[in-house]
Each structure stands twice: as C-alpha cells, then as structure tokens.
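Descriptive analysis of the structure
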Amino acid sequence: MANKIKGRVQNVLAGGLIAAGLAFATSATAGTIVGSQHDFSGSGWSGGEICIVCHTPHNAATITDAPLWNHAVTTATFTTYTSPSFDGLATIGQPDGSSVLCLSCHDGTVAVDSFGGTTGTTIIPGVANLGTDLSNDHPISFTYDAALAVTDPGLFDPTTTNVTIGVAPKVKTGTINDVMLLSGKLQCASCHDVHNGFTNGPTLLRISNASSALCMACHDK
Ligand code: HEC
Ligand code: HEC
Ligand code: HEC
Ligand code: HEC
C-alpha cells in the first residue's frame, strides 16, 4: 500500500510536468513494464496508472485472445505479407490473436489514449506507426509448426528446438512453440514482450538481436 501511494505522488508530479502527449518515465527497471515504452503513467490522460490503458479487472471487452482488454480495438483491413518463397502463405490471414491488440495502437488508426470507453487523440508517432500495410513487415498470424519446418528446411522445428528468452534473472527456456508462439502461430508477441518482462531494451525483444541471435533462434541460416 505504501508503495502504491508513493507511486501515485510521483506520477502526479510527472503529469504536472508534461501535461499532454506521450511522456515516458525516465528510469527503466530491468525486466518490467515500469519506465518502458509501454509505461504511460507519466502522460496526463492515463490518470497516473500503467495497466489501465490496456487492461481492466472488470467489464472487459470480449475479444478472442484479449486478456481483460480495455483498449479500443482496430477494425482496419490489413495488407498481409506475401512472397514467392514464403511457405506460410497457406495459413496467413488477417492479423489475429494478440497481434490485433498491438495493432490497435501500432497501425495508427486508433489513438493510444482511446481506452475505457473514451476516444483519445494521441496517434502513435514515427516508425512505431506500422500503418495497415504489413507487406513490408515480418509475416505474422500464420502457423509455424513441424510441417512448415519440413517444407522449409531453413527453419528449425519449433516443437523440438529449445530457445531461451529474457535476461537474467528473468529467463524462460523451452521449445520455440512453448515460449515464442501463441496457439502455434507466430505473432508480434513472438519476438516482442509488450510488458518488457522477458526483454531488456528499448525494442522489447524477447531475445537480443546482437549477431542476429533473435533471427537465428528460428531461421537455420
Ligand atoms: C500497452 C498495452 C499493455 C499494457 C500497458 C499492459 N499490458 Fe498486459 N498485455 C498486453 C497484451 C497485448 C497482452 C497479450 C499479449 C501477450 O501476452 O504478450 C497482455 C497480456 C497480459 C497478461 C496475460 C499474459 C501474460 O503475460 O501473463 C497479463 C496477466 C497482463 N497482461 C497483465 C498486465 C499488467 C498487470 C499490466 C500493468 C502492470 C499490464 N499487463 C500492462 C498489453 C498491455
Ligand atoms: C495502448 C497502445 C499500445 C499497445 C496496445 C501496444 N503498444 Fe507498443 N508502443 C506504444 C507506444 C505509444 C509506443 C512508443 C512509440 C514511440 O514513441 O516511439 C510503443 C512502443 C513499442 C515498441 C518500441 C518501439 C521503439 O521505437 O523502440 C515496440 C517494439 C512495441 N511497442 C511493440 C508492441 C507490441 C508487440 C504490442 C502487442 C503485444 C504493443 N506494442 C502494444 C503503444 C502501444
Ligand atoms: C520476427 C520477429 C518480429 C516480429 C514477428 C515483429 N517484430 Fe517488431 N521488431 C523486431 C525487431 C528485431 C525489431 C528491431 C529492429 C531494429 O532495431 O532495427 C523490431 C522493431 C519494432 C518496432 C520499433 C520500430 C521499428 O520499426 O524499428 C516496433 C514498434 C515493432 N517492432 C512493433 C511490432 C509489431 C506491432 C509487430 C506485429 C505486427 C511486430 N513488431 C512483429 C522483430 C519482430
Ligand atoms: C519465432 C521464430 C522466428 C523469428 C524469431 C524470426 N523469424 Fe523470420 N520467419 C519465421 C517463419 C516461420 C517464417 C516463414 C518461413 C516460410 O514459411 O517460408 C519467417 C519468414 C521470414 C522471411 C520471409 C521469407 C520468405 O520466403 O518470404 C524473412 C526474410 C525472415 N523471416 C527474416 C527474419 C529475420 C531477419 C529475423 C530477425 C529479425 C526473423 N526472421 C526472426 C520465423 C521466425
């Protein structure tokens, strides 16, 4: 309780300094959302809270794969990834699962501060705005299973290949399927942790991409 009250006071101060727009806390705590790109508690419109922008404990929206969701959801139609050598084409469709939740800020059609039933005005800035054309982004929302790794031998078998995500002391080891895929599909959250829990860096990567380690977790290149 004492911590909570202290947190409130600090957030009120931050809110007073930066009245509108996107404001981030200055010091990140390793391995948590606090101070990360998704900590909007310093923005006046968040009321000084962190989780509420995306989640609510009660009366949440009933959306598939959306954990107690409180943010307005995108209704855009997306251009999906395609290429002659892409073997996931058979199962790729419109973004689904938790990727829809990411795109509900990152496609630039829904304001970051549209949550809890209110419509905001703060559109995500710069390169973080991916737009609705995902044909120039790594494919998402397709099935990555053992069969795909047979069709494309340049991929590791996700059901038998182990990977370790996160940064000590917060790490998780398991198969690609268990720790990176969601219901067998590759999603935004395969590579990123929205809560910065199993990452430690500004792009919220589950595995550092130094020496392309993230890419080589799945691609046998
Ligand atoms: C910017 C949006 C955003 C914020 C802020 C946010 N979350 Fe999430 N959360 C998500 C998304 C998206 C998912 C589903 C994707 C995933 O699990 O990676 C999720 C999933 C979860 C889950 C279920 C899966 C899991 O990781 O265990 C829990 C529990 C959760 N969030 C708790 C919290 C809490 C507690 C806070 C505040 C400290 C918080 N979240 C802040 C976006 C957010
Ligand atoms: C409530 C809106 C919201 C949701 C939902 C959300 N984000 Fe973000 N995200 C932001 C904002 C705002 C930023 C900061 C953009 C900036 O100022 O550069 C950000 C930053 C990021 C960054 C770092 C960008 C950089 O330039 O370093 C990544 C990566 C990211 N988000 C991925 C995700 C993923 C993956 C999900 C879903 C699992 C998600 N986000 C869900 C609003 C959101
Ligand atoms: C296959 C892994 C992978 C997937 C899937 C993925 N990303 Fe990323 N993302 C990355 C990497 C790696 C970077 C860092 C790029 C860099 O530093 O040049 C990144 C960077 C970003 C950034 C920072 C801005 C930029 O363009 O550098 C945002 C925002 C982001 N990703 C959001 C998303 C969202 C939203 C999704 C789902 C629609 C997604 N990512 C899917 C690997 C991925
Ligand atoms: C979680 C596993 C995973 C990670 C991490 C990952 N990829 Fe992929 N990637 C895949 C899968 C699966 C495919 C689909 C391959 C196919 O079906 O042809 C794919 C597709 C691609 C394609 C398109 C292939 C084509 O034929 O059009 C490229 C290029 C690519 N990835 C590059 C990268 C790079 C670069 C990184 C690191 C930034 C990365 N990937 C990280 C799993 C991953």
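Conventions we followed
- Residues numbered from 1 in each chain as written.
- Chains lettered and ligands numbered in written order.
- Predicted model: local features only at pLDDT ≥ 70, side-chain atom pairs only at ≥ 80, totals over all residues.
- Heavy atoms only, no water.
- Near = heavy atom within 4 Å.
- Polar contact = N/O pair within 3.5 Å; in protein donor to acceptor, adjacent residues only side chain to side chain.
- Nonpolar A, V, L, I, M, F, W, Y, C, P; charged D, E, K, R; others polar.
- Domains from an automatic or database assignment.
- Salt bridge = Lys/Arg side-chain N within 4 Å of Asp/Glu carboxyl O.
- Helix = DSSP H or I, 4+ residues; strand = E, 2+ residues; numbered from the N terminus.
- Buried < 20%, exposed > 50% of the residue type's maximum accessible area, 1.4 Å probe, protein only.
- Core = buried A, V, L, I, M, F, W, Y, C linked by side-chain atoms within 4.5 Å.
- Contact = heavy atoms within 4.5 Å.

Turning our eyes to something else, we now look at the site of ligand 1. Residues in contact with ligand 1 amount to 13 residues; listed here are only the nearest, C51, C54, H55, P67 and H195. H55 has a polar side-chain atom sitting 2.7 Å from a nitrogen atom of ligand 1. Between a nitrogen atom of ligand 1 and a side-chain N or O atom of H195, the distance comes to 2.8 Å. Among the residues forming the shell around ligand 1, the class breakdown is nine nonpolar, four polar and no charged. Viewed by domain, the shell around ligand 1 spans two of them, domain 1 (1–53) and domain 3 (144–218), each represented by three or more residues.

Here the idea is simple: oppositely charged side chains can pair when their charged atoms come close. Evaluation of the coordinates by the stated rule reveals one salt bridge. Among the salt bridges present, the one from D96 reaches K185, with a minimum N-O distance of 2.5 Å. Of this pair, D96 sits in the loop between α1 (2–17) and α2 (98–106) while K185 sits in strand β4 (residues 185–186), and the two are 89 residues apart along the sequence. When its relative accessible area of 24% is taken as the criterion, D96 is described as partly exposed.

Now for the site of ligand 4. Around ligand 4, a shell composed of 21 residues is seen, among which S83, H138, C215, C218 and H219 lie nearest. A distance of 3.3 Å separates an oxygen atom of ligand 4 from a polar atom in the backbone of F86. A distance of 2.8 Å is found between a nitrogen atom of ligand 4 and a side-chain nitrogen or oxygen belonging to H138. No other element matches the three residues that helix α6 (residues 213–218) contributes to the shell around ligand 4. Grouping the constituent residues of the shell around ligand 4 by class yields 13 nonpolar, six polar and two charged. Both of domain 2 (70–137) and domain 3 (144–218) provide at least three residues apiece to the shell around ligand 4.

Another point: the nonpolar core. Core analysis: the largest hydrophobic core is formed by 24 residues, its most contacted members being F142, Y144, V163, I176, M180 and I207. Of all the secondary structure elements, the ones that give two or more residues to this core are α3 (146–151), β2 (162–167), α4 (176–179) and α6. When residues of this core are assigned to their parent elements, the largest contribution, three residues, is made by α6. With near-sequence residues (within four places) excluded, I176 lies in contact with Y144, F156, P158, T161, V163, L181, A217 and C218. Membership of the second largest hydrophobic core comes to six residues, among which are F40, C105, V112 and F115.

Our focus in this paragraph is unusual backbone geometry. Each neighbour pair has its own omega, and for A168 with P169 the value is 10°, a cis peptide bond. Tracing the sequence through the fold places P169 in the loop between β2 and β3 (170–175). The phi torsion at N59 lies on the positive side, around 55°, for a residue other than glycine. By secondary structure assignment, the location of N59 is in the loop between α1 and α2.

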